[in-house]
Amino acid sequence: MHTLVLATTNAGKVRELASLLAGIPGVHVVMPKDLLGYSPDVVEDGETFEANAALKAKAVAALTHCLTLADDSGLEVDALFGAPGVRSARFAHERATDSENNAALLAKLGAMTAPDRDEALTARFRCAIAIVDPFGGGEVHTVDGDCEGEMVPHPRGASGFGYDPLFQVAGTGQTFAELNDAEKHAISHRGKAMAKARLVLEKLLLAREERLRKLEVHE
Ligand code: IMP
């Protein structure tokens, strides 16, 4: 079994990533806290999801010396010029809860959903996943995925996390929070990025096994 560390503290993301990784044979998923006894706080000061995912994966791989996967994701609303974007987790304030962020976003969008305004408030979720294998040279492998949709004026649905109740997926008439896990994974930014990440992981695991075999031969 190869240990894979998930470099995130967001409970909603952990749940989704763990379920998306469940089918990969030979991988044992752990949290940084399981190995280090604490959750490292990585400063996410990158300007893109890719940059922040790479920052998290590199920092946690350096601390744990294990294969590490990090997800950086967020919501981009066109009428807000891409906000909340990379600040999605901290839109209301630095330590905001999901409900505080949703309330702050609804307040901003309120002015734009006046009865005389009938165009959709188009938006998309984006997800970047970075994978680092310290045993394989420490290179950062990044993949991404996105999901188009529009903002709704009132929260709908009880599943998921974050902005899920406010985001209606294009072509479905349903918010993410009205879908079950399998339905969300099939179309979500994270599901799409994880499908690509899976291929990267499979290659890295094969390369690891090859290196281990060579080490055994030389022993
Ligand atoms: P990060 O942990 O810095 O990547 O922040 C991600 C933030 O984006 C979360 O706190 C959520 O607010 C939002 N987010 C990312 N993915 C999703 C999703 O699938 N559903 C709802 N909100 C999401």
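Structure: above.
Residues numbered from 1 in each chain as written. Predicted model: local features only at pLDDT ≥ 70, side-chain atom pairs only at ≥ 80, totals over all residues. Heavy atoms only, no water.

Caption draft 1: Seen up close, the environment of Leu20. Counting through the fold element by element, Leu20 comes out in helix H1 (residues 11-21). Once residues within four sequence positions are removed from consideration, Leu20 is found in contact with His185, Arg190, Gly191, Met194 and Arg198. (Helix = DSSP H or I, 4+ residues; strand = E, 2+ residues; numbered from the N terminus. Contact = heavy atoms within 4.5 Å.)

Caption draft 2: Looking closely at unusual backbone geometry. In the segment running from Ala83 into Pro84, the intervening peptide bond is cis, with an omega of -5°. Here Pro84 is to be found in the loop between strand E3 (67-77) and helix H4 (98-110). In this structure, His65 takes a positive phi of about 60° despite not being glycine. Counting through the fold element by element, His65 comes out in the loop between helix H3 (49-64) and E3. Owing to a relative accessible area of 60%, His65 belongs among the exposed residues under this scheme. The phi dihedral of Phe81 falls on the positive side, at around 55°, and the residue is not glycine. Phe81 gets classed as exposed once you look at its relative accessible area, which sits at 80%. (Buried < 20%, exposed > 50% of the residue type's maximum accessible area, 1.4 Å probe, protein only.)

Caption draft 3: Representation of the sheet that holds strand E6 (residues 167-169) within the structure. Spatial strand order, E2-E1-E3-E4-E5-E6: six strands in an open sheet with mixed pairing. Each edge of the open sheet carries a strand with a single partner, namely strand E2 (27-30) and E6. On average, each strand axis in the sheet is inclined to that of its neighbour by 35°, with strand direction left out of account. In the packing of H1 onto the sheet, the strands contacted are strand E1 (2-6), E2, E3 and strand E4 (122-132), and the crossing angle to E3 comes to about 125°. (Pairing = 2+ DSSP bridges. Axes fitted to C-alpha atoms, helices over the stretch in contact; angles between N-to-C directions.)

Caption draft 4: The arrangement of a nonpolar patch on the surface in detail. Residues Phe135, Leu212 and Leu215 make up a contiguous nonpolar surface patch of roughly 250 Å² in combined accessible area. Topologically, Leu212 is positioned in helix H6 (residues 189-218). Residue classification places Leu212 among the partly exposed positions, given a relative accessible area of 35%. (Patch = residues over 30% accessible without salt bridge, like charges linked within 9 Å, V, L, I, M, F, W, Y side chains within 5 Å. Areas by Shrake-Rupley, 256 points an atom, 1.4 Å probe, with all protein chains shown as cover. Salt bridge = Lys/Arg side-chain N within 4 Å of Asp/Glu carboxyl O.)

Caption draft 5: Focus on H3. Counted at 1.5 Å a residue, the expected span for H3 with its 16 residues is 22 Å, and the 22 Å between its end C-alpha atoms agrees. Structurally, H3 contributes buried residues whose contacts are with E1, H1, helix H2 (32-36), E3, E4 and strand E5 (140-151). Once H3 ends, the next one or two residues include His65, with phi positive near 60°. (Expected span 1.5 Å × (residues − 1).)

Caption draft 6: Just the site of the ligand, in detail. The ligand sits among 18 residues. The nearest are Lys13, Glu44, Asp164, Lys184 and Arg190. With respect to the ligand, the side chain of Glu44 contributes an N or O atom lying 3.0 Å from an oxygen atom. Within the side chain of Asp164, one N or O atom sits 2.6 Å away from a nitrogen atom of the ligand. The fraction of the free accessible surface of the ligand (490 Å²) that becomes covered by protein chains is 96%. Secondary-structure elements contributing two or more residues to the shell around the ligand are E3 and H6. Per element, the largest residue contribution to the shell around the ligand is four residues, and it comes from E3. (Near = heavy atom within 4 Å. Polar contact = N/O pair within 3.5 Å; in protein donor to acceptor, adjacent residues only side chain to side chain.)

Caption draft 7: Main features of the pairing of E5. In the sheet, E4 pairs with E5 via eleven bridges, with the strands oriented antiparallel. Looking across to E5, one finds that Ile129 is bridged to Val143. Pairing of E5 with E6, which is carried by three bridges, proceeds in the antiparallel orientation. The residue of E6 that forms the bridge with Glu150 is Gln168.

Caption draft 8: Examining the pattern of salt bridges more closely. On inspection of all chains with the given rule, the structure shows 20 salt bridges. Measuring nitrogen to oxygen at the nearest pair gives 2.8 Å for the salt bridge that ties Arg190 to Glu16. Taken as a pair, Arg190 in helix H6 and Glu16 in helix H1 lie far apart in primary sequence, 174 residues in all. Across the pair, exposure class does not vary: Arg190 and Glu16 are buried alike.

Caption draft 9: Looking closely at H6. Helix length check: H6 (30 residues) gives 44 Å between terminal C-alpha atoms against 44 Å at 1.5 Å per residue, within 8%. When H6 is considered as a whole, its buried residues turn out to be His189, Arg190, Gly191, Ala193, Met194, Ala197, Val200, Leu201, Leu204, Leu205 and Arg208.

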